[in-house]
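Read off the chains here:
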Amino acid sequence: MNKSTNSDSRFVHKESRYERGIMWREVLILSLASGAAHGGFPYITPTQGQVWPIPREVKTTEKYFIMGPENFNFTIKAHTCDVLELALARYSAIIFSYPGGDKKKADHENWRNNDISADPLTGLDIVLTKECEKYPYLGMNEEYDIRVSSSNNVGTATLNSTSIWGILRGLETFSQILIPDPKPPTYVVNETIIKDGPRFPHRGLLIDTSRHYLPLLQILYTIDILAMNKMNVLHWHIVDSQSFPYVSEAFPELSGKGAYNQERLYAPEEIGQVIDYGRLNGVRVVPEFDTPGHTQSWGPGQPGFLTPCYSGDKPDGTFGPVDPTNEDNYDFLKEFFKEVAERFPDHYVHLGGDEVSFDCWKSNPQITDFMKKENITGDYGKLEEVYITKLLEIVSNLPTKNGYIIWQEVFDNGVKIAPDTVVQVWKGGWQDEMAKVTEGGFKTLLSSCWYLDYISYGADWRNYYSCDPFDFNGTSTQKELIQGGEACIWGEFVDKTNLIPRTWPRASAVAEKLWSPEELSKDANSAAPRIEEFRCKLVYRGYNVESLGPSFCMGDNI
C-alpha cells in the first residue's frame, strides 16, 4: 500500500466515524421517542388544559370559548376579603403572562377547524357563600365547583365555594384549564364542569432551615408552588443541631450563640411574613422544634439545657440530648413554647422526638442517680418518656391550648399522648406502623416513602406516585384517622441553589396522591402527560423546576 492510498484510507476512516456519529444521533432520537434508550424513558407529550392534581369530577364537551385579557374580568358576587382580592390580582398576572402556544406546530388548529362556533369568555364570577376565615387549619373546607358553560350567563363562568380556601383551590384549577392559543395572550377553554375537593386534609412539605439556611424569598417561592399543587402545609423544621436561626425575643441568646452567624436568622417580622404569605395562599405554617435529640445548637445559648457527656468519671467536654433531670429546663421550655405558640397561629406545633441517642445519658453519673431514684432500671427509653411526657403536658396546657405533632418514636416508646395528637410516620415498615398508630386511635401522617432528598436516577416521581397512605391492613375506622402526609426535603445537601428544582415537580406526585381520589391517582403512565404539562406551567410562571425526562414545553425555548 503506497502513501497516498494509506492517507486516503485514514480520511475514509474519519469520514465513517463522522457518518456513524450522525447515524447514532438519529438512532438515539428515535429510541428516545420509543422509550428504548436511557433506561426506557420515553418522550412524553404534555397534555393541554388538564388539571394537576386531577379533580374529583370533570365533565367537558367539544364546545369551547375564546378568552383574552382585553375583555376578561373577575367579578366578586358575594363575600370578599383581602385573601380573595389579592388572589384575583395574583391569578390575573399568572394567567396573562403566559407565553402562548407554539407557532411552529398546528396542535391547536382543531380549535379553528371544527364546526362549532366559539363564544367569548369575558369573565369568571366568584361566589363565596360564607365569610372568609382568618387562617387555614386542619380540616378546613377546600371544596369548590367551576362551571364554564353556555347555560351560564352569556360569556361568563362561575366559581362557587362556601370557603375562601375552596375559592383559592378553584382559581388554581381555572388557571390550568385554559389552553394558550397560537396568538398569545389569547386562550381557548372547553365547556367544563368541575366538582372537586381533597382526599386528605393534611397535604404538606417539610423544609429544613438548620442544615442550610434558606433565604426568605426561597421559602415564599415554596409556598407559591405548594398552593399551585393544592398542598396546604409548610412544615418548617426551623432548627436542628447544626444551627438555631429562629430569633426568640424571650431568649435571644439561642440564635445569638446557636446560629451559623447573625446574617442567617429568621427575625420575628420575617416569620410573620412567612405566616401571612401562607395565609394568603391557604397554606398552614407548622413549626418544628425537635427535642430531646437534635438539640446541639440550643446548648450555647441556654446553659444547662444539654446533658454533659462523661469519659470515665469526668466530663469530656461534649454534650448529648436535653438533660431531663434539670427542672430548670422545663421552666425554660414553658416560656419558649409559650412564645412559639403566640407567634405561630396554627393549632399544631411539631415537637419532634426522633433519633435520640442514649450514649451520653448512659455516661453521666447524675443521670444514673436520677434513674435509680425514679426506679427506672436501665431502660433509657423510659427516661426519654419522662422528658417527653413533661414536654407534652407543657404544650397542652399553654394559654393557646395547642395540639402537637410528633415523630413516630414517641408513640413507639409508649409515651402517653393526647387524643388529638398527630403521629408522623417516617421509618421503613410504615404499613405496620400505620396500622399500630391508627389501631391506637391516633391521627396519622405518612412521610416514609416521600423523602425527596433521596435521589435516584430517572423519573423517581413515579416511585412517590406508587405510594398510597391507605396501603396497609386496617379497618375503615382506622383509615379515617389518616390525615394525609408530607413530602420531606431535608437540608444536608439542599440550599437556596437547589431547593426549588430538587423539590419540584417531584413533590407534585405526592400532591396528587393526597388530593385526588384513590381510583384516579393509581397509574403513573396516565399521569405522566399531565405532570409534564404541569411542570411546563411552573416553568412558564418563572420557577426553575426540574425536567422529568425527555420532553419540551410548548411556546417557549425550554
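Here, every reference points to the structure presented above.
Owing to the predicted nature of the structure, the values given are computational and were not obtained by experimental measurement.

On to the side chain of arginine 211. Position of arginine 211 among the secondary structure elements: in the loop between strand 9 (202–208) and helix 5 (216–228). Under the relative-accessibility criterion, arginine 211 is labelled buried at 12%. A polar contact of 3.2 Å, which involves the side chain of arginine 211, links it to the side chain of glutamine 242. Aside from chain neighbours lying at most four places away, what touches arginine 211 is His237, Asp240, Gln242, Tyr260, His294, Trp490, Gly491 and Glu492.

Our next topic: the environment of tryptophan 490. Within the secondary structure, tryptophan 490 sits in the loop between strand 18 (482–489) and helix 16 (499–503). Tryptophan 490 gets classed as buried once you look at its relative accessible area, which sits at 11%. When the C-alpha positions of tryptophan 490 and leucine 452 are compared, they lie 7.8 Å apart, and in sequence the two are 38 residues distant.

This paragraph deals with the state of the cysteines. Tallied over the full model, the rule gives 4 disulfides. Note that cysteine 309 is cross-linked by a disulfide to cysteine 360, the S-S spacing being 2.1 Å. Between cysteine 309 and cysteine 360 the disulfide shows an S-S torsion of about -115 degrees. By sign, it is left-handed. In this pair, cysteine 309 is assigned in strand 12 (residues 306–311) and cysteine 360 in helix 9 (residues 359–363), connecting sequence segments 51 residues apart. In this structure, cysteine 309 and cysteine 360 share a single accessibility class: buried. The residue that forms a disulfide with cysteine 449 is cysteine 467, at a sulfur-sulfur distance of 1.9 Å. Taking the sign of the S-S torsion, about -55 degrees here, the bridge from cysteine 449 to cysteine 467 comes out left-handed. Of this pair, cysteine 449 sits in the loop between strand 17 (443–446) and helix 14 (461–465) while cysteine 467 is found in the loop between helix 14 and helix 15 (476–479), placing the two residues 18 residues apart along the sequence. Should the bonded cysteines of the protein be numbered as they appear in the sequence, the pairing reads 1-2, 3-4, 5-6, 7-8.

All right, on to the pattern of salt bridges then. By the definition in use, this model includes 25 salt bridges. Glutamate 142 is the partner of arginine 169 in a salt bridge, and the nearest nitrogen-oxygen pair spans 2.9 Å. In this pair, arginine 169 is assigned in helix 4 (residues 164–177) and glutamate 142 in the loop between strand 4 (123–128) and strand 5 (144–148), connecting sequence segments 27 residues apart. Given the relative accessible area of 1%, glutamate 142 is considered buried.

A cis amide bond links tryptophan 52 with the next residue in sequence, proline 53, at an omega value of -5 degrees. Within the secondary structure, proline 53 sits in the loop between helix 1 (3–34) and strand 1 (57–67). Backbone torsion omega between tryptophan 504 and proline 505 reads 0 degrees, so that peptide bond is classified as cis. Inspection of the secondary structure puts proline 505 in the loop between helix 16 and helix 17 (506–515). The backbone of histidine 294 shows a phi angle near 55 degrees, a positive value even though the residue is not glycine. Mapped onto the secondary structure, histidine 294 falls in the loop between strand 11 (284–288) and strand 12. The phi torsion at glutamate 355 lies on the positive side, around 50 degrees, for a residue other than glycine.

So, about the environment of glutamate 512. Tracing the backbone shows glutamate 512 in helix 17. Ignoring sequence-local partners within four residues, the contact set of glutamate 512 consists of Trp52, Pro53, Ile54, Tyr465, Leu520, Ser521, Ala527 and Arg530. At a separation of 2.7 Å, a polar atom in the side chain of glutamate 512 contacts the side chain of arginine 530.

Moving on to the pairing of strand 11. Of all 5 residues that make up strand 11, 5 are buried, and the element is covered over most of its length. Both faces of strand 11 are covered, namely the face carrying Arg284, Val286 and Glu288 and the face carrying Val285 and Pro287. Across 5 bridges, strand 10 (residues 233–237) lies against strand 11 in parallel orientation. Residue pairing across strands places leucine 234 opposite valine 285, the latter belonging to strand 11.

The next subject is the pairing of strand 1. Of the pairings in the sheet, the one linking strand 1 to strand 8 (residues 187–196) comprises 8 bridges and is antiparallel in character. The residue of strand 8 that forms the bridge with glutamate 57 is lysine 195. Of the pairings in the sheet, the one linking strand 1 to strand 3 (residues 119–120) comprises 2 bridges and is parallel in character. Within strand 3, the residue paired with isoleucine 66 across the bridge is proline 120.

Turning our attention to the packing of helix 17 against helix 18 (residues 524–540). In the contact formed by helix 17 and helix 18, the axes pass within 11 Å of each other and the chain directions differ by 120 degrees. Considered as vectors, helix 17 and helix 18 are oriented oblique to each other. Between helix 17 and helix 18 lies a crossing whose hand is right-handed. Here Ser508, Ala509 and Glu512 of helix 17 lie close against helix 18, whose contacting residues are Ala527, Arg530, Ile531 and Phe534.

If you walk through the whole model with that rule in mind, you get 35 aromatic pairs. Geometrically, the ring pair formed by tryptophan 236 and tyrosine 266 is edge-to-face, given 5.1 Å between the ring centres and 80 degrees between the ring planes. One end of the pair, tryptophan 236, is in strand 10; the other, tyrosine 266, is in the loop between helix 6 (253–258) and helix 7 (268–280), with 30 residues separating them in the sequence. Each of the two residues, tryptophan 236 as well as tyrosine 266, counts as buried. In this structure an aromatic cluster arises from ring pairing among Phe244, Tyr246, Phe251, Phe289, Trp298, Phe305, Phe332, Phe336 and Phe337.

Calculation rules
- Once a new chain begins, its residue numbering starts again from 1 and follows that chain's sequence as written.
- Where totals are concerned, whole chains, interfaces and linings use all residues; where local detail is concerned, this predicted model gives features only for residues with pLDDT of at least 70, and gives and counts side-chain atom pairs only at 80 or more.
- Hydrogens and waters are ignored; side-chain quantities use all the structure's heavy atoms.
- Helix and strand labels come from DSSP, where a helix needs a run of H or I of at least four residues and a strand needs a run of E of at least two; each type is numbered from the N terminus.
- Type-normalised accessible area, obtained with a 1.4 Å probe on protein chains alone, sets the label of each residue: buried when under 20%, exposed when over 50%, and partly exposed for intermediate values.
- Polar contact is defined as a pair of N or O atoms within 3.5 Å, subject to the rule that within protein one atom must be able to donate a hydrogen and the other to accept it, and that residues adjacent in sequence are counted only when both atoms are side-chain atoms.
- By definition, residues are in contact when any of their heavy atoms lie within 4.5 Å.
- Here, two cysteine sulfur atoms that lie within 2.5 Å of each other are counted as a disulfide.
- The salt bridge criterion pairs a side-chain nitrogen of Lys or Arg with a carboxyl oxygen of Asp or Glu, the two atoms within 4 Å.
- At least two bridges found by DSSP between two strands is the condition for calling them paired.
- Only the stretch in contact is used when fitting a helix axis, every axis being a line fitted to C-alpha atoms; angles between N-to-C directions are given from 0 to 180 degrees.
- Any angle from 65 to 115 degrees is called roughly perpendicular, while one under 35 is roughly parallel, one over 145 is roughly antiparallel, and all others are oblique.
- Handedness of a crossing is defined here by the sense of rotation of the near helix relative to the far one, left-handed for an anticlockwise turn of less than a right angle and right-handed for a clockwise turn.
- Pairing of aromatic rings covers Phe, Tyr and Trp, the last through its six-membered ring, and needs centres within 6.5 Å; plane angles under 30 degrees mean stacked, over 60 mean edge-to-face, and all others mean tilted.

That's the geometry; what it means functionally is another story.
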